[in-house]
Amino acid sequence: MGCRVLTDLGGTADEDAAYRYLITVPSATAATIAAELDRPVPEVTAALAALARRGLVTSAGADPVRYVAAPPTIAGQALLNQQREALVRAEAGLAELVTAYRQGSALRAVTEVVEVIKEPDAVRQRVTGMLRGARREMLALVAPPFVAITVDDEDAQIQVRVSGANRTVYDRRIFETPGALESARTHAHAEDEWRVHDRVPMKLIIVDRELAVLSTVYAETGPPGTMLVHRSTLLEALLGFYELIWSQSVPLSLGLAVMPADSPLSDEERLVLSLLLTGMTDQAIAMHLGVGHRSVQRTVRRLMDLAEVSTRIQLGWHAHRYGWLGPA
């Protein structure tokens with residue numbers, strides 16, 4: 001029956017269901033409501049008591065007690081105002097915590113700037129926590145072997161949803177692995193940006209320019225570790241290195257961006273062209289797209305005819321000049 005408003009405002013599912021039933025009738029007892037909802041009477045009675053405390057229902061009569069719903073426009077608006085006030089207080093408190101954290105960061109000793117974590121589960125927990133808490137951007141360097149970060153909670157969105165703020169550079173060798181391209185497309189969003197570099201030297205994630213995850217620290221014995229780098233000159237150096245790699249990389253279109261209606265290329269042609277410009281062979285492109293080698297060659301031939309060029313190098317120049325893959 002639509003969204004659970006009371007649940008979103010901090011109530012329980014039983015409270016939401018009981019209130020929704022009450023607004024459809026003049027009044028009802030706890031037993032009647034329990035029967036209608038197929039819930040135990042004690043649980044419904046507890047839900048009604050909670051609703052009464054929040055001003056959403058009133059009670060009348062003594063044997064048995066009958067409950068009446070308060071108008072949603074009045075009681076609901078009061079709850080919304082309370083939630084807004086709580087959010088304002090929480091936001092102010094969070095700002096104070098951020099300020100205190102940054103002040104504390106300035107006092108960190110050199111040995112505290114970098115954390116080394118060796119347990120895989122601990123690494124995954126810290127990384128997913130970083131991504132869920134990101135506010136502005138995520139920068140990533142992806143080197144072999146390719147590992148997609150996932151979480152068990154299907155409702156958790158660990159990708160930063162800030163338009164144009166997610167930038168990822170892939171090592172070209174990653175796309176030698178079957179399924180790597182499809183996995184990259186699965187975890188990508190249309191507003192993100194991607195590029196490909198000949199040789200990405202490390203795995204790196206930087207969130208909000210405040211915290212970085214750098215893999216891997218190789219040890220002589222035991223499993224490799226992962227470094228967490230806090231705000232410091234070392235983090236600034238990693239940011240500078242990331243921007244250098246980004247500037248040296250080739251734009252990659254994963255076929256997700258919305259192109260102008262007058263674009264001369266189909267989505268398939270745009271994807272083939274993008275993979276071709278990253279240096280992939282026709283065979284590698286065919287493998288990733290699940291088509292035949294000759295199908296890729298025919299697509300490239302159509303693109304060359306469309307650009308009125310005779311070589312693939314000229315095709316790349318033409319595609320860049322006329323924005324066939326969107327802005328670089």
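You'll find the protein entered in an unreviewed UniProt entry as LuxR family transcriptional regulator, with Actinoallomurus vinaceus given as the organism.

Caption draft 1: Broad picture of the overall build of the protein. Tallying secondary structure elements over the protein gives 13 helices and 11 strands in all. Residues classed as buried in the protein amount to 38% of the 328 residues present. Of the contacts formed within the protein by residues at least 6 apart in sequence, a portion of 66% connects residues at least 24 apart. Of the accessible surface of the protein, which amounts to about 18,700 Å², a share of 56% is contributed by carbon and sulfur atoms.

Caption draft 2: Region of the structure containing the pattern of salt bridges. With the rule as written, the count across this model stands at 11 salt bridges. Between Arg20 and Asp16 there is a salt bridge; the shortest N-O distance is 2.7 Å. In this pair, Arg20 and Asp16 are both assigned in helix 2 (residues 13–22), four residues apart and thus about one turn of the helix distant. Summarising the burial analysis for this pair, Arg20 and Asp16 share the class buried.

Caption draft 3: Broad picture of unusual backbone geometry. Positive phi outside glycine occurs at Asp38, with the angle close to 55 degrees. In this fold, Asp38 is placed in the loop between helix 3 (30–37) and helix 4 (41–53).

Caption draft 4: View of the pairing of strand 7 (residues 193–197). Where burial is concerned, most of strand 7 is hidden: four out of the five residues are buried. Relative to strand 7, strand 6 (residues 166–171) is paired through five bridges, and the arrangement is parallel. Directly across from Asp171, in strand 7, lies its bridge partner His197. Pairing of strand 7 with strand 11 (residues 250–252) involves three bridges; the strand directions are antiparallel. Counted as the bridge partner of Trp194 is Leu252 from strand 11.

Caption draft 5: Inspection of the packing of aromatic side chains at higher detail. Under the defined criterion, the tally for this structure stands at one aromatic pair. Seen in terms of ring centroids, Tyr242 and Trp246 are 6.3 Å apart; in terms of plane orientation they differ by 20 degrees. Their pairing is stacked. Within this pair, Tyr242 and its partner Trp246 are both found in helix 9 (residues 233–247), separated by four residues, close to a single helical turn. Using a relative accessible area of 0% as the deciding quantity, one classes Tyr242 as buried. Overall, the relative accessible area of 8% leaves Trp246 in the buried class. The ring of Trp246 has Arg167 sitting right over it, with the charged end atom 4.9 Å from the ring centre.

Caption draft 6: Representation of the sheet that holds strand 3 (residues 66–69) within the structure. Sheet architecture is open: three strands sit in the order 1-3-2, paired in antiparallel fashion. Only two strands of the sheet have a single partner each, and these edge strands are strand 1 (28–29) and strand 2 (57–60). In this structure, strand 2 lies alongside strand 3, joined through four bridges in antiparallel fashion. Bridge pairing in strand 3 links Ala60 to Arg66.

Caption draft 7: Local environment of the environment of Arg231. Turning to its location among the elements, Arg231 is positioned in the loop between strand 10 (225–230) and helix 9. Measuring from C-alpha to C-alpha, the distance between Arg231 and Leu211 comes to 6.3 Å, with 20 residues separating the pair along the chain.

Caption draft 8: Representation of helix 7 (residues 120–133) in the model. Taking 1.5 Å as the rise per residue, helix 7 with 14 residues should run 20 Å; its terminal C-alpha atoms sit 20 Å apart, in good agreement. Within helix 7, the full set of buried residues consists of Val123, Val127, Thr128, Met130 and Leu131. Along the long axis of helix 7, the arc covered by the buried residues comes to 155 degrees, so they all point the same way. For helix 7, exposure combined with an orientation more than 90 degrees from the buried face picks out Asp121 and Gln125.

Caption draft 9: Quick look at the nonpolar core. If you look at the biggest cluster of nonpolar residues, it comprises 29 residues, and the most contacted ones within it are Tyr170, Phe175, Leu315 and Trp324. Looking at this core, the elements with two or more residues in it are helix 8 (180–186), strand 7, helix 10 (267–277), helix 11 (282–289), helix 12 (293–307) and helix 13 (312–321). Among the nonpolar cores identified, the runner-up in size contains 17 residues, and Leu204, Val229, Leu235 and Leu239 belong to it.

Caption draft 10: Focus on the pairing of strand 5 (residues 138–142). Judged by how many residues are buried, strand 5 sits mostly within the fold: five of five residues are covered. Neither face of strand 5 is exposed, since Met138, Ala140 and Val142 on one face and Leu139 and Leu141 on the opposite face are all buried. Judged from the five bridges that link them, strand 5 and strand 6 form a sheet pairing that is parallel. Bridge pairing in strand 6 links Met138 to Asn166. Here four bridges tie strand 5 to strand 8 (residues 203–207), and the two strands are oriented antiparallel to one another. Across the sheet, Leu139 pairs through a bridge with Ile206, a residue of strand 8.

Caption draft 11: The side chain of Thr168, seen in detail. Tracing the sequence through the fold places Thr168 in strand 6. Excluding its chain neighbours within four sequence positions, the residues that come into contact with Thr168 are Ala140, Val142, Glu193, Trp194, Arg195, Tyr242 and Trp246.

The rules we used
- Residues numbered from 1 in each chain as written.
- Predicted model: local features only at pLDDT ≥ 70, side-chain atom pairs only at ≥ 80, totals over all residues.
- Heavy atoms only, no water.
- Helix = DSSP H or I, 4+ residues; strand = E, 2+ residues; numbered from the N terminus.
- Buried < 20%, exposed > 50% of the residue type's maximum accessible area, 1.4 Å probe, protein only.
- Contact = heavy atoms within 4.5 Å.
- Areas by Shrake-Rupley, 256 points an atom, 1.4 Å probe, with all protein chains shown as cover.
- Salt bridge = Lys/Arg side-chain N within 4 Å of Asp/Glu carboxyl O.
- Pairing = 2+ DSSP bridges.
- Phe/Tyr/Trp six-rings, centres within 6.5 Å; stacked < 30°, edge-to-face > 60°.
- Lys NZ or Arg CZ within 6 Å of the ring centre and 35° of its normal.
- Expected span 1.5 Å × (residues − 1).
- Arc of directions from axis to C-beta.
- Core = buried A, V, L, I, M, F, W, Y, C linked by side-chain atoms within 4.5 Å.

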